[in-house]
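Descriptive structure summary
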Amino acid sequence: MKTIIYLIRHAESPYAEGQERARGLSEQGKADAERIRSILHKKPINLLFSSPYARAIHTLQPLADEMQKEIVLLENLRERGIGNIADMSFVDAKRCVYEDFFCAFEGGESSSEAQARGTRELKLLLEKYAGSTLAIGTHGDIMTLMMNYFDPRYGFEFWQSTTMPDIYRLKFVGMELVKVTREWKS
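Attention here is on the structure that accompanies the text.

Some thoughts on the overall build of the protein chain
Helix and strand content of the protein chain: 6 helices and 6 strands. Considered along the principal axes of its C-alpha atoms, the protein chain spans approximately 45 × 40 × 25 Å. Looking at the 186 residues of the protein chain, the share that counts as buried comes to 52%. Excluding contacts between residues fewer than 6 apart, the proportion of contacts in the protein chain whose partners are at least 24 apart in sequence is 65%. About 8900 Å² of surface is accessible on the protein chain, with carbon and sulfur atoms providing 49% of the total. Mean positive and mean negative side-chain charge positions of the protein chain (25 and 26 charges, respectively) differ by 8 Å.

Some remarks on the pairing of strand 1 (residues 2-9)
Judged by how many residues are buried, strand 1 sits mostly within the fold: 7 of 8 residues are covered. Bridge count for strand 1 against strand 4 (residues 133-138) is 6 bridges, and the pairing is parallel. Along strand 4, the bridge assignment pairs Ile5 with Leu134.

Focus on the packing of aromatic side chains
For any pair of aromatic rings, the description rests on two quantities: the centre-to-centre distance and the angle between the ring planes. Counted under the stated rule, the structure contains 9 aromatic pairs. Both rings, one in Phe150 and one in Phe172, keep their centres 5.0 Å apart while their planes meet at 75°; by these two values the pair is edge-to-face. Of the two residues, Phe150 is situated in helix 5 (residues 140-150) and Phe172 in strand 5 (residues 166-173); the sequence distance between them amounts to 22 residues. For the pair Phe150 and Phe172, one class covers both residues: buried. The lysine or arginine in question, Arg35, covers the ring of Trp184, its NZ or CZ lying 4.2 Å from the ring centre. Its end group placed over the ring of Tyr98, Arg80 keeps NZ or CZ at 5.7 Å from the ring centre.

Let's talk about the pattern of salt bridges
One pass over the structure, following the stated rule, counts 11 salt bridges. Measuring nitrogen to oxygen at the nearest pair gives 2.5 Å for the salt bridge that ties Asp141 to Lys94. With Asp141 in helix 5 and Lys94 in helix 3 (residues 90-99), this pair connects stretches of sequence that are 47 residues apart. Both residues of the pair, Asp141 and Lys94, belong to the buried class.

Notes on the sheet that holds strand 4
Two orientations exist for strands paired in a sheet by backbone hydrogen bonds: parallel and antiparallel. Spatially, 3-2-4-1-5-6 is the arrangement adopted by the 6 strands of the open sheet, whose pairing is mixed. On the outer flanks of this sheet lie strand 3 (71-73) and strand 6 (176-182), each paired with one strand and no other. On average, adjacent strands in this sheet sit at an angle of 25° to one another, irrespective of strand direction. Across the sheet, helix 2 (residues 54-67) is in contact with strand 1, strand 2 (47-50), strand 3 and strand 4; its angle to strand 2 comes to roughly 165°.

Rules behind the numbers
- Residues numbered from 1 in each chain as written.
- Predicted model: local features only at pLDDT ≥ 70, side-chain atom pairs only at ≥ 80, totals over all residues.
- Heavy atoms only, no water.
- Helix = DSSP H or I, 4+ residues; strand = E, 2+ residues; numbered from the N terminus.
- Buried < 20%, exposed > 50% of the residue type's maximum accessible area, 1.4 Å probe, protein only.
- Contact = heavy atoms within 4.5 Å.
- Areas by Shrake-Rupley, 256 points an atom, 1.4 Å probe, with all protein chains shown as cover.
- Lys, Arg positive; Asp, Glu negative; His and termini not counted.
- Charge placed at Lys NZ, Arg CZ, Asp CG, Glu CD.
- Pairing = 2+ DSSP bridges.
- Phe/Tyr/Trp six-rings, centres within 6.5 Å; stacked < 30°, edge-to-face > 60°.
- Lys NZ or Arg CZ within 6 Å of the ring centre and 35° of its normal.
- Salt bridge = Lys/Arg side-chain N within 4 Å of Asp/Glu carboxyl O.
- Axes fitted to C-alpha atoms, helices over the stretch in contact; angles between N-to-C directions.

Next comes the structure, spelled out in structure tokens:
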């Protein structure tokens, strides 16, 4: 049975120390959320799910409003916390956790842990809503890790290539990922 998942990476969000869950969208992010609505509003989306982080919810909200659908929040779709990277650059820290899936910085989550958490949730959705079309508001890192579980080509370089926002259409037959299409054109 064919199931379609739209993974929607959140739109631009100004960084605010200690505000991972609460920070919203920039003005550009709000405009891009409207563009996501215009791209996806005619798709046969049955259900909307999101990370509980405000920026992921706000990215999906215009679409949810137009479709008159509720966004179901799922804690396991939250972004991976990188932890205390000390004097390392953010990009170097990301490279490190992708090159060694068991590497974790103090207070952070390894790729292995984050992937298991996110993929467990995605598999539950695939099982429960087989044959449906779902939209999921998510984040670049956890999105990449979930895709990597099904196809190892999605790794650090893919993560680096994604934009805020971004949309990937994943086609599954049962639990097998058979096709990925990028739907966002910046």
